[in-house]
Amino acid sequence: MSAPIRHALHAVRRLRLPLSSLELTRPKRCPRLSGAPLTCVPREKPYADFDEAVRLSPRGGGRAGVHDWKTVSYRELIATRPSSSSRGRSARDDVDSEFWAKNGIQRAKEVMLRFDRVFPASVMTVAGDWHDEEPALLGSGRMIRVGDRFSELVDVLPFVPLLGNVGMLCVDEVAHVYDFDDRCGFTVVTTDEHDEVGEHSAWVRWARKEDGAYDGGSDGLVLESVSASTFKPHVLGPAKLYARWLQRRAHELGRVHLFHLLKAELMIKT
């Protein structure tokens, strides 16, 4: 059996109809999901910054050996700390910035590293290894770790309300966790239980106005995201066009959702 046909049959098996998609299968409860090989091999070292993630994403490095990569990246200013000095930067500004940064990053971790709320429900629902280790309400379990796997139920018919919860079951793995005083976030990569091949990185970092990361007049918290992906060979023709549309929709809704979620977590008016 050729690879495209095998992948197509595999995709059909991962399709979830409304009655069967009410409970999302967690990877640790299914050997097929927990043992699926990675289709995008991550870098050994986490990305140092946004520019490196864009430059060394799979499309640039060709690490997965597949053509037709698409890269989506963005940078959003979440909040700025007004300067307390009208005559340039002062020692007091540095002290205040350090305190403000640590507090802001700590709050951002509640979103970025607990992971359950990162993606909007209109795009997908998520269930990960962390739920099996610490049964808890969504958003109240432990933070993600390198090696964690999570299932995604991706809505493939978002424009047909009567067929809600018709989705595709996919599995990704956490490749890197960024848990620092000035940055928090993650890089996740695809497994063979996914029609896409690629990786997604997102983090919140503390940026000083001097580094030129944004057009702001003060230090601030910045959301940065880089995604690079392609599709397996069985996703062809009209199916590929539709898959790309779903992908663009997910990126845009996800960007807006995460931006406002972080704003709310930081208790800053939008």
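Residues numbered from 1 in each chain as written. Predicted model: local features only at pLDDT ≥ 70, side-chain atom pairs only at ≥ 80, totals over all residues. Heavy atoms only, no water.

Caption draft 1: Seen up close, the overall build of the protein chain. Per the secondary structure count, the protein chain includes seven helices and eight strands. For the protein chain, the proportion of its 270 residues judged to be buried stands at 47%. (Helix = DSSP H or I, 4+ residues; strand = E, 2+ residues; numbered from the N terminus. Buried < 20%, exposed > 50% of the residue type's maximum accessible area, 1.4 Å probe, protein only.)

Caption draft 2: Spatial organisation of the nonpolar core. The biggest cluster of nonpolar side chains holds 31 residues, and the ones touching the most others in it are I78, M112, F115, F186, V204, L223 and L262. Residue assignment for this core shows that the elements contributing at least two residues are β2 (70-80), α5 (91-112), β3 (124-128), β6 (183-190), β7 (196-207), β8 (220-231) and α7 (237-265). At five residues, α5 tops the list of elements feeding residues into this core. Among all residues touching F115, those that are not within four sequence positions of it are V126, W130, I144, F150, F186 and V188. (Core = buried A, V, L, I, M, F, W, Y, C linked by side-chain atoms within 4.5 Å. Contact = heavy atoms within 4.5 Å.)

Caption draft 3: Quick peek at the packing of aromatic side chains. This model, assessed by the stated rule, comprises nine aromatic pairs. For the ring pair W130 and F150, a centre distance of 6.2 Å and an interplane angle of 45° mean the geometry is tilted. Taken together, the positions of W130 in helix α6 (residues 129-133) and F150 in strand β4 (residues 149-155) put the pair 20 residues apart, joining distant regions of the chain. We note that W130, like F150, is buried. (Phe/Tyr/Trp six-rings, centres within 6.5 Å; stacked < 30°, edge-to-face > 60°.)

Caption draft 4: The side chain of R149, seen in detail. Its place among the elements puts R149 in strand β4. Classification of R149 by relative accessible area gives buried; the value is 9%. Of the polar contacts made by the side chain of R149, one reaches the side chain of E173; its length is 2.7 Å. (Polar contact = N/O pair within 3.5 Å; in protein donor to acceptor, adjacent residues only side chain to side chain.)

Caption draft 5: Local environment of the side chain of Q247. Topologically, Q247 is positioned in helix α7. A distance of 3.3 Å separates polar atoms of two side chains, one belonging to Q247 and the other to E196. Of note is the side chain of Q247, whose polar atom sits 2.7 Å from the side chain of R244. Leave out the neighbours within four places in its chain, and Q247 touches E196, S229 and F231.

Caption draft 6: Region of the structure containing α7. Helix length check: α7 (29 residues) gives 42 Å between terminal C-alpha atoms against 42 Å at 1.5 Å per residue, within 8%. Those residues of α7 lying buried are A243, R244, L246, Q247, G254, L258, F259, L261, L262 and K263. Once α7 finishes, M267 follows within two positions and takes phi at roughly 55°, a positive value. (Expected span 1.5 Å × (residues − 1).)

Caption draft 7: Representation of the confidence of the model for the protein chain in the model. For the protein chain, per-residue confidence averages 81 on the pLDDT scale, and residues scoring 70 or more make up 73% of the total. Mean pLDDT across the secondary structure elements of the protein chain bottoms out at helix α4 (residues 58-61), with 58, and peaks at β6, with 97. In this model residues 60-65 is a low-confidence stretch, pLDDT under 50, and it forms 13 contacts with partners more than four residues away in sequence or in other chains. (pLDDT = per-residue confidence, 0-100.)

Caption draft 8: Broad picture of the pattern of salt bridges. One pass over the structure, following the stated rule, counts 14 salt bridges. With its nearest N and O atoms 3.9 Å apart, the salt bridge here joins D68 to R244. In this pair, D68 is assigned in the loop between α4 and β2 and R244 in helix α7, connecting sequence segments 176 residues apart. The class for D68 is partly exposed, based on a relative accessible area of 33%. Residue classification places R244 among the buried positions, given a relative accessible area of 10%. The residue E76 makes a salt bridge to R255 at a minimum N-O spacing of 2.3 Å. (Salt bridge = Lys/Arg side-chain N within 4 Å of Asp/Glu carboxyl O.)

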